[in-house]
Amino acid sequence: MDAVVGAAFKGDAPAASQAVVLPDRRELALVAVERTRMPMVVSDARQPDCPIVLANRAFLALTGYSAEEVIGRNCRFLQGPDTDPSDVEAIRQGLRAGTEDLEVELLNYRKDGSAFWNQLAISPVIDEMGEVIYYFASQKDVTARRRAEQMEATERLLLREVDHRAMNALALVQSFVNLSKADTATGYATAIRERVETLARAHRLLGEAGWSGVDLACLLAAETPEEIRECVGANGTPIQLPTPLVQPIALVLHELMTNARRHGSLRDPSGTVGVEWVLQSQSLLIRWRETGAHDVAEPTQAGVGIRMLEGVVTRQLGGAVKWSWPSSGVCVELEVPLETAE
Ligand SMILES: Cc1cc2nc3c(=O)[nH]c(=O)nc-3n(C[C@H](O)[C@H](O)[C@H](O)COP(=O)(O)O)c2cc1C
């Protein structure tokens, strides 16, 4: 250690000291390294595997090791399972290239196994012959800053997600506000209210599931009023609808249900609806089959419900709708791609 503070190494001139302190320089330098709150080590480049020859108190406090446990070891003992190998490679390359101010931020571990982010700065100490004889390094714990950055990034992502979901819900609202029709203002308000309630129910189910998707059978049950529950059969393997599909599909089921009660099979006490679904490799297929109705005829003009359903499935979800009108009731086949459901 004497050589480090005593000799005139390359770049080792005191940055600002009066001549009067020079005789004490060696002592002062040691005291400064020892007392600074910045963790520091010096390792000996001339010994095999570059062992630590000096570690200050702050380094021991940061890492939880005693002096005996660190002196003589290469600093890599601070690395652990989640240390990024590319960060270690950056140190390796920097040392090999003789970089003067090598700085790498990497994950290190204390003696008790807890991890911390280490802003590591390494400088070579070079003798008159131009040989690297020591390395001097400081280790700054930047865990708090990294955590704050991480939280900020997560927050930004969350805000973007909330924005995205709100825009999707508003697009649905816009579609039915534009399309809804009724003879009276009260009728119009009811139609809008029922559709908004559908979105709210789907939103609630999503919230209960932590926004990780909703079981299709649950969504269908939520859109099936109590009094017609016995007339609606569901058949399909359990499938979690991806989050972006939940509100649009809830609205589609609401439209079909409303249509069946007003104009289709559920007008008739013996009428039924069967809903089947099949998960295909890229898409979800939902079949809505009404039976038991009499004299169902294909409408001459697409009503509000049909246009809205088509708009949601084709434009918003990029899917396809097929209609058929046997006299016993309408059959609808909806195919919705899953990859648009990010
Ligand atoms: C003076 C000095 C201090 C170092 N301090 C650390 C450190 O705090 N944390 C760390 O992960 N690596 C540190 N290293 C890097 C490792 O000692 C080693 O150089 C690195 O793991 C790449 O070499 P390797 O492939 O032989 O492991 C330090 C290196 C030197 C020369």
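Residues numbered from 1 in each chain as written. Predicted model: local features only at pLDDT ≥ 70, side-chain atom pairs only at ≥ 80, totals over all residues. Heavy atoms only, no water.

Enquirer: What exactly am I supposed to notice about the site of the ligand here?
Expert: Taken together, 19 residues sit near the ligand, with Asn-74, Arg-76, Gln-79, Arg-92 and Asn-108 positioned nearest. In the environment of the ligand, an oxygen atom lies 2.4 Å from a nitrogen or oxygen atom belonging to the side chain of Arg-92. The side chain of Gln-139 places a nitrogen or oxygen atom 3.0 Å from an oxygen atom of the ligand. Look at the ligand: alone it shows 620 Å² of surface, and the protein chains cover 89% of it. No other element matches helix 5 (residues 85–97), which puts 4 residues into the shell around the ligand. Considered class by class, the residues forming the shell around the ligand number 11 nonpolar, 6 polar and 2 charged. (Near = heavy atom within 4 Å. Polar contact = N/O pair within 3.5 Å; in protein donor to acceptor, adjacent residues only side chain to side chain. Areas by Shrake-Rupley, 256 points an atom, 1.4 Å probe, with all protein chains shown as cover. Helix = DSSP H or I, 4+ residues; strand = E, 2+ residues; numbered from the N terminus. Nonpolar A, V, L, I, M, F, W, Y, C, P; charged D, E, K, R; others polar.)

Enquirer: Just checking my understanding: could you explain the UniProt feature "domain: PAS" (unreviewed entry) in the protein for this structure?
Expert: The sites that carry the UniProt feature "domain: PAS" (unreviewed entry) are, in the present numbering, residues 25–98. As a span, residues 25–98 carries 47% helix and 12% strand, and end to end its C-alpha atoms are 27 Å apart. (UniProt positions renumbered as here; feature names shortened; annotations may be inferred.)

Enquirer: Honestly, the layout of surface pockets in this entry has me stumped. Any pointers?
Expert: Taking a probe equal in size to a water molecule and rolling it over the atoms shows the remaining empty space. By volume, the second largest pocket is sized at about 610 Å³. Lining the second largest pocket are 29 residues, and of these Asn-259, His-263, Gly-303, Val-304 and Gly-305 sit closest to its centre. For the lining of the second largest pocket, the secondary structure elements donating two or more residues are helix 7 (185–208), helix 9 (243–262) and helix 10 (304–316). Taken together, the residues that form the lining of the second largest pocket break down as 10 nonpolar, 12 polar and 7 charged. (1 Å grid on protein atoms, 1.4 Å probe; cavity = no way out; pocket = protein on both sides within 12 Å on 5 of 7 lines; lining within 4 Å. Points joined across faces, edges and corners; volume = space filled by probe spheres on them.)

Enquirer: I'm lost on empty space enclosed by the protein in this one. Help?
Expert: On inspection of all chains with the given rule, the structure shows 1 cavity of 30 Å³ or more. Estimates place the volume of the largest cavity at around 50 Å³. Lining the largest cavity, in full, are Glu-255, Leu-256, Asn-259, Gly-305, Ile-306, Leu-309 and Trp-323. Breaking the lining of the largest cavity down by element, the ones donating at least two residues are helix 9 and helix 10. Each residue belonging to the lining of the largest cavity can be placed in one class, and the counts come to 4 nonpolar, 2 polar and 1 charged.

Enquirer: Where do I start with the sheet that holds strand 9 (residues 272–279) in this structure?
Expert: Across a sheet, strands are paired by hydrogen bonds formed along the backbone, either parallel or antiparallel in direction. Spatially, the 5 strands line up as an open sheet ordered 7-9-10-12-11, and their pairing is mixed. Either end of the sheet is taken by a strand with one partner, and the two such strands are strand 7 (232–235) and strand 11 (320–324). Across the sheet, the mean angle separating the axes of adjacent strands is 15 degrees when strand polarity is ignored. Contacting strand 7, strand 9, strand 10 (283–291), strand 11 and strand 12 (331–337), helix 9 crosses the sheet at an angle of about 10 degrees to strand 10. Along the sheet, helix 10 makes contact with strand 11 and strand 12, crossing strand 11 at roughly 145 degrees. (Pairing = 2+ DSSP bridges. Axes fitted to C-alpha atoms, helices over the stretch in contact; angles between N-to-C directions. Contact = heavy atoms within 4.5 Å.)

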